[in-house]
Amino acid sequence: MADHHELDRNPIPSDNDPVFVNEPWLADGSYSWIEDWSMEPEMQKDNIRVYVPLDINAEAIMRRLRSIINRYGEANEANESSFSYEVGLLINQIEIYDQAQLTGDGKQKAGENGSKHSAETVQLVKRFVDELVKIPDGCAELFPFETVDRLCEEYGVDCDRYWR
């Protein structure tokens, strides 16, 4: 049992430079219950900070969204908080994706037509919103409605086509 996990000292593939996002709450949902948490490693004597690779690309984000939607089904009062929280983690991945798209060569680039977001990210958000609006409504009060409105506003997606 002790050799169950393969521990690597270098990223795979080793010829690519990994991007480190020191936000442990992206992988550890228990941080949402802590008021004053820090991005610094925990000060426990036995602490080991593990970096788990996460591939962030448009298809992976959409696959994760579909998985969440399949798990919860309809959005209702009983699951809307958890549903929203998990989708919110994907929105953080979209933000990381966008940041990487805009700074891929190390220099900040303007998005298409002066947008503050990359064209690739805007297209991803359109697909993301298209999936969110298909979630069956089981009398949820806020989710996914507010999430869709916020994404449309932030990424310049036409929300009117969804809420007519």
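Residues numbered from 1 in each chain as written. Predicted model: local features only at pLDDT ≥ 70, side-chain atom pairs only at ≥ 80, totals over all residues. Heavy atoms only, no water.

Helix and strand counts for the protein come out as 4 helices and 2 strands. In the protein, the order of α-helices and β-strands from amino to carboxyl end is α-β-α-α-β-α. The buried share of the protein, reckoned over its 164 residues, is 31%. Restricting to contacts in the protein with at least 6 residues of sequence separation, those with at least 24 account for 59%. When the accessible area of the protein is evaluated, it comes to approximately 11900 Å², of which 49% is carbon and sulfur surface. (Helix = DSSP H or I, 4+ residues; strand = E, 2+ residues; numbered from the N terminus. Buried < 20%, exposed > 50% of the residue type's maximum accessible area, 1.4 Å probe, protein only. Contact = heavy atoms within 4.5 Å. Areas by Shrake-Rupley, 256 points an atom, 1.4 Å probe, with all protein chains shown as cover.)

Attention now moves to the layout of surface pockets. As a volume, the largest pocket reaches approximately 2000 Å³. Lining the largest pocket are 42 residues, and of these Val19, Tyr51, Val52, Pro53 and Leu54 sit closest to its centre. Grouping the amino acids of the lining of the largest pocket by side-chain chemistry returns 23 nonpolar, 9 polar and 10 charged. (1 Å grid on protein atoms, 1.4 Å probe; cavity = no way out; pocket = protein on both sides within 12 Å on 5 of 7 lines; lining within 4 Å. Points joined across faces, edges and corners; volume = space filled by probe spheres on them. Nonpolar A, V, L, I, M, F, W, Y, C, P; charged D, E, K, R; others polar.)

Membership of the largest hydrophobic core comes to 28 residues, with the highest contact counts inside it found for Leu65, Phe83, Val87, Phe128, Leu132 and Leu151. At the level of secondary structure, the elements contributing two or more residues to this core comprise helix H1 (58–72), helix H2 (80–102), helix H3 (119–132) and helix H4 (145–155). (Core = buried A, V, L, I, M, F, W, Y, C linked by side-chain atoms within 4.5 Å.)

Disulfides are covalent bonds that connect the sulfur atoms of two cysteines. Taken as a whole and judged by the stated rule, the model has 1 disulfide. There is a disulfide in this structure between Cys152 and Cys159, and the S-S distance comes to 2.5 Å. Its S-S torsion of approximately 80 degrees makes the covalent link between Cys152 and Cys159 right-handed. With respect to class, Cys152 is no different from Cys159; both count as buried. (Disulfide = S-S within 2.5 Å.)

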